[in-house]
Amino acid sequence: MRMTSGLTFLGLPLAKIFSSSSGIGYELLRNVSLVRMENIMSTVVLILVMALPPTIALQWLESRITSKYGGR
């Protein structure tokens, strides 16, 4: 689940790059084509900020379940 959620946060902006005229992926592609490094970095940081809390929560849940049930 943890790996899938991380891949989802990578796949969503990529899908929006090719299929949308608005959104995070579109903004990223537009900024890349205009060579606006500060906007590119801010978009990447925004995606990171959105993806990190669920990943941390799922890591915590995974470690709690494996310690309780003796995961192998």
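The structure reproduced in this document is the subject of the present report. Every chain is numbered independently, its residues counted from 1 as its sequence is written. Local features in this predicted model are restricted to residues of pLDDT 70 or higher, and side-chain atom pairs are both shown and tallied only at a pLDDT of 80 or more, whereas totals for entire chains, interfaces and linings draw on every residue. Heavy atoms from the whole structure form the basis of all side-chain values; hydrogens and water molecules are not counted.

In this section: the overall build of the chain. Each helix corresponds to a stretch of at least 4 residues labelled H or I by DSSP, and each strand to a stretch of at least 2 residues labelled E; elements are numbered beginning at the N terminus. For the chain, the count of helices and strands is three helices and zero strands. The order of helices and strands in the chain, counted from the N terminus, is α-α-α. At 16 Å, the chain has a C-alpha radius of gyration far larger than the 11 Å of a compact globule built from 72 residues. Put simply, the chain has 72 residues, and 15% of those count as buried. For the chain, long-range pairs separated by at least 24 residues make up 37% of all intrachain contacts whose partners lie at least 6 apart in sequence. Residue burial considers only the protein chains on display, and all accessible areas are found by Shrake-Rupley using a 1.4 Å probe. As displayed, the chain has an accessible area near 5,600 Å², and 70% of this comes from carbon and sulfur atoms. Atoms considered for the radius of gyration are the C-alpha atoms alone. The globule rule reads 2.2 Å times the number of residues to the power 0.38. To sort residues, take the accessible area from a 1.4 Å probe on protein chains only and compare it with the maximum for the residue type: under 20% means buried, over 50% means exposed, and anything in between is partly exposed. Only heavy atoms enter the contact rule, under which two residues are in contact if any of them lie within 4.5 Å.

By the burial criterion, the buried members of helix α2 (residues 24-33) are G25, L28 and N31. Each buried residue of α2 sits inside an arc of 130 degrees when the element is viewed along its axis, so together they form one side. Two residues or fewer past α2, V35 is found with a positive phi of approximately 55 degrees. Think of the arc as the fan of directions from the helix axis to the C-beta atoms.

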